[in-house]
Amino acid sequence: MPDVPASMPDPRDPMHIDVDRLVELAAEIERHRHLLRSAADGYRWRVARRVEYLDPPDRDMRLAHAERLIEALMIDPVRHTDLDLDAYRAVRDGAPIEFDTERRTYALRRPGREPLPIRPGLPEHRLGVIARLAGLGLRLEQIQVVALTTAQGVAPPKPPAAPPQVNRGTTKPSRRLRQTGQREHHAEN
C-alpha cells in the first residue's frame, strides 16, 4: 500500500514545532523563576526553621509540601506550552489593563492593534500576577494567597429568580415572639 500524506500535520511531529516559540517560552520561564527565587528561598528557610525539631518523616513531608507549593507558582514547560506570552508579560509588567464588564475580562489596549483579552483565572493572568508580586518583593506566603484568589474563574452573575422579600423588624426569633406578644397585648388595651 502506498504512503498517503496526512492532510493535517501532526503537532507532535518534531518538524512542525515552532522552535522560536519554545526559546521565547524558555526565556520567560527562566525570568519567572528568577523573580520568584528570593521569595522561594526565604520561604524554604522559614519552613526549615519551623520543622527542624520534628521527626525526620514529618520534617521531610513538610519540606516536600513546601516544595510543591513553590512549584505550583512556577511556569511549567509542559502544562503551560500554550501560554499567551503577550498577556503574561502585560500583567507581569503592570501594563495599563482595563476591565471590560460586558465580556467579564481584562483588556490591554494596544495602539494600532486589536485589544488583547486577558481572562481572569487563566494561567496568563495568574502567573503574571505572581511574577509581578514577586518582583515587588512580597513574601511567598503573600504571593500564594493572591495566587489562590486569582486562580478562581469569574462566573457571570446570576440574576435573582424573584425580588428579595424584606421583612420589617428583627431577625432574632426570641425578640420576634416577644414583639408579637406585646402587639397582641397593646391591641387588647
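Residues numbered from 1 in each chain as written. Predicted model: local features only at pLDDT ≥ 70, side-chain atom pairs only at ≥ 80, totals over all residues. Heavy atoms only, no water.

Draft legend 1. How the structure looks around the environment of L108. As for its position among the elements, L108 is in strand β2 (residues 105-108). Under the relative-accessibility criterion, L108 is labelled buried at 11%. Separated by 10 residues in sequence, L108 and I118 have C-alpha atoms that sit 7.5 Å apart. Excluding residues that lie within four positions of it along the chain, L108 makes contacts with A90, A95, P96, I97, P115, L116 and I118. (Helix = DSSP H or I, 4+ residues; strand = E, 2+ residues; numbered from the N terminus. Buried < 20%, exposed > 50% of the residue type's maximum accessible area, 1.4 Å probe, protein only. Contact = heavy atoms within 4.5 Å.)

Draft legend 2. Representation of the sheet that holds strand β3 (residues 116-118) in the model. If you walk across this open sheet you meet the 3 strands as β1-β2-β3, and the pairing is antiparallel. What marks the edges here is a single partner per strand, and that holds for β1 (97-100) and β3. The average angle at which neighbouring strand axes cross in this sheet is 35°, direction not considered. In terms of strand pairing, β1 meets β2 through 4 bridges, oriented antiparallel. Across the sheet, F99 pairs through a bridge with Y106, a residue of β2. (Pairing = 2+ DSSP bridges. Axes fitted to C-alpha atoms, helices over the stretch in contact; angles between N-to-C directions.)

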